[in-house]
Amino acid sequence: MDLFWRPISLFSIILLTSYFKRHGIFPEESGTVITKVALNFTIPATILCSFQDYSSNMHFASTALLFLTFTLLSLGLFSLLYLKSGEDLRMFAMMNTTGYNIGSVALPLIRCFYGDSGVIVACMADLGNSVMVNGGTYALTCSLLNRKSDSRGFLRDLIKHLICSPPFVAYLILLPFLAFKWHLPAIVNTFLSPVADANSFVCMAMVGFSMEGRLDWAEIRKIAPLLVQRFCFGAITAVCTYCFLPFDQMTRQVLALLCISPISGLVIVNTRRYGGDIARSGLLVTASIFAGMVGMLILASLFQFF
């Protein structure tokens with residue numbers, strides 16, 4: 001029964017918060033506020049608490065490199081797929097289909113199904129993913145499209161965005177502990193546990209607040225090819241990850257789930273910096289959240305029988 005109620009609970013939070021927003025119970029700016037709560041408090045707390053009893057494992061460390069590779073592969077793939085398209089469409093495809101929404105969407109779901117052990121795997125994967133979604137994708141897209149004036153100093157911009165990202169700072173705090181096999185002080189877990197426990201609710205509410213009351217089907221038809229291509233890439237990498245990597249079963253299951261996780265919301269920021277269509281970018285992100293969550297919930301439920 002627990003297997004049945006966990007996904008229903010997550011979806012209920014999304015639907016209820018969306019309903020409350022549409023009917024004026026929560027103000028329009030609620031989404032902005034709760035996003036800041038997630039990024040600055042609950043996600044970093046979840047990362048730190050999950051590593052409380054972490055034991056060094058090179059398989060876990062290699063997942064960071066794996067997901068950095070996946071983001072680079074997807075960037076190169078969409079660059080080739082849209083090579084003969086106009087610059088605007090090629091930029092949009094490259095900028096908006098790369099990277100994974102691990103912290104605010106995948107992490108709560110994985111914690112529900114796999115607990116802290118699954119969260120550790122997801123966090124290590126997110127370490128590689130974060131390098132790209134926090135600025136690497138923007139810098140490489142500018143370079144590939146020969147916008148030299150925009151890509152100049154991209155390393156400085158990348159470092160600036162990374163150190164201004166609280167989840168990434170949490171990873172930086174953990175690095176010496178992981179490298180020297182230290183354990184975080186017990187007081188850290190005691191202090192942050194109540195905040196980490198709220199992460200599932202806060203992140204699902206953030207998704208609900210991001211929903212719009214009406215969908216523009218004409219615009220959805222325009223982004224549908226990108227969405228299908230993105231999740232085809234995710235499905236292929238998920239199958240390869242689960243079937244061929246030399247990890248234990250739980251690790252392979254979590255990594256396969258991450259492969260079909262939604263597009264990172266930070267692509268909207270990168271699209272705005274480039275001067276692209278941020279409305280269409282936002283619609284693509286929203287659509288990917290629903291498609292990704294449904295796919296992840298179905299796959300996670302199936303994995304419980306293996």
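Residues numbered from 1 in each chain as written. Predicted model: local features only at pLDDT ≥ 70, side-chain atom pairs only at ≥ 80, totals over all residues. Heavy atoms only, no water.

Participant: Teacher, can you tell me more about the side chain of Thr 271 here?
Facilitator: Along the chain, the position of Thr 271 falls in helix H13 (residues 266–274). At a separation of 2.7 Å, a polar atom in the side chain of Thr 271 contacts the main-chain carbonyl oxygen of Val 267. (Helix = DSSP H or I, 4+ residues; strand = E, 2+ residues; numbered from the N terminus. Polar contact = N/O pair within 3.5 Å; in protein donor to acceptor, adjacent residues only side chain to side chain.)

Participant: Explanation requested: the pattern of salt bridges in the structure shown.
Facilitator: Any two side chains of opposite charge can pair, on the condition that their charged atoms come close. In the structure shown here, the tally under the stated rule is three salt bridges. The salt bridge involving Asp 116 is made with Arg 111; its shortest N-O contact spans 3.5 Å. Here Arg 280 makes a salt bridge to Asp 277, at a shortest N to O gap of 3.8 Å. Assessed through its relative accessible area of 24%, Arg 280 is described here as partly exposed. (Salt bridge = Lys/Arg side-chain N within 4 Å of Asp/Glu carboxyl O. Buried < 20%, exposed > 50% of the residue type's maximum accessible area, 1.4 Å probe, protein only.)

Participant: Explain the packing of aromatic side chains to me, please; I cannot follow it from the model alone.
Facilitator: In the structure shown here, the tally under the stated rule is seven aromatic pairs. Between Phe 177 and Trp 182, the ring centres sit 5.9 Å apart and the planes meet at 85°, which makes this aromatic pair edge-to-face. The ring of Tyr 100 is capped by Arg 230, whose NZ or CZ atom sits 4.8 Å from the centre of that ring. Cation over ring: Arg 252 sits above Tyr 242, and NZ or CZ is 4.8 Å from the ring centre. (Phe/Tyr/Trp six-rings, centres within 6.5 Å; stacked < 30°, edge-to-face > 60°. Lys NZ or Arg CZ within 6 Å of the ring centre and 35° of its normal.)

Participant: So what exactly am I meant to see when it comes to the environment of Thr 17 here?
Facilitator: Residue placement: Thr 17 occurs in helix H1 (residues 2–22). A relative accessible area of 7% means that Thr 17 is categorised as buried. Taking C-alpha positions, Thr 17 is 6.0 Å from Phe 209, a pair spaced 192 residues apart along the chain. Here Thr 17 is in contact with Met 204, Ala 205, Gly 208 and Phe 209, once residues within four sequence places are set aside. (Contact = heavy atoms within 4.5 Å.)

Participant: Any chance you could explain the nonpolar core here in plain terms?
Facilitator: Side chains of nonpolar character tend, in soluble globular proteins, to be buried together. Ranked by internal contacts, the top residues of the largest apolar core, which has 79 residues, are Ile 47, Phe 51, Phe 67, Ile 110, Leu 255 and Leu 258. Discounting residues that sit within four places of it in the chain, Leu 258 has contacts with Phe 67, Tyr 100, Ile 102, Ala 106, Ile 110, Ala 122 and Ala 125. With nine residues, the next largest nonpolar core counts Met 91, Met 132, Cys 142 and Leu 145 among its residues. (Core = buried A, V, L, I, M, F, W, Y, C linked by side-chain atoms within 4.5 Å.)

Participant: What should I look at first to understand helix H4 (residues 87–96) in this one?
Facilitator: An α-helical turn contains 3.6 residues, so a residue and the one three or four places further along point in the same direction. Counting buried positions over the ten residues of H4 gives seven, a clear majority of the element. Every buried residue belonging to H4 is among Arg 90, Met 91, Phe 92, Ala 93, Met 94, Met 95 and Asn 96, and all of these are buried.

Participant: Is there a simple way to explain helix H8 (residues 166–179) in this structure?
Facilitator: Helix length check: H8, at 14 residues, gives a terminal C-alpha distance of 20 Å against a target of 20 Å (1.5 Å per residue), a fit within 8%. Of all the residues in H8, the buried ones are Pro 167, Phe 168, Ala 170, Tyr 171, Leu 174 and Leu 178. Two residues or fewer past H8, Lys 181 is found with a positive phi of approximately 60°. (Expected span 1.5 Å × (residues − 1).)

Participant: How should the packing of H4 against H13 be read in this particular structure?
Facilitator: Between two packed helices, the angle of one axis relative to the other and the distance separating the axes together describe the packing. Put simply, H4 and H13 touch, their axes get as near as 9 Å, and they point 150° apart. The angle between H4 and H13 falls in the class roughly antiparallel. In this structure, H4 meets H13 at a crossing whose hand is right-handed. Facing Glu 87, Met 91, Met 95 and Asn 96 of H4, the residues of H13 in contact are Val 267, Asn 270, Thr 271 and Tyr 274. When the residues that make up the contact of H4 with H13 are grouped by side-chain class, the tally is four nonpolar, three polar and one charged. (Axes fitted to C-alpha atoms, helices over the stretch in contact; angles between N-to-C directions. Parallel < 35°, antiparallel > 145°, perpendicular 65-115°, else oblique. Left-handed = near helix turned anticlockwise from the far one by under 90°. Nonpolar A, V, L, I, M, F, W, Y, C, P; charged D, E, K, R; others polar.)

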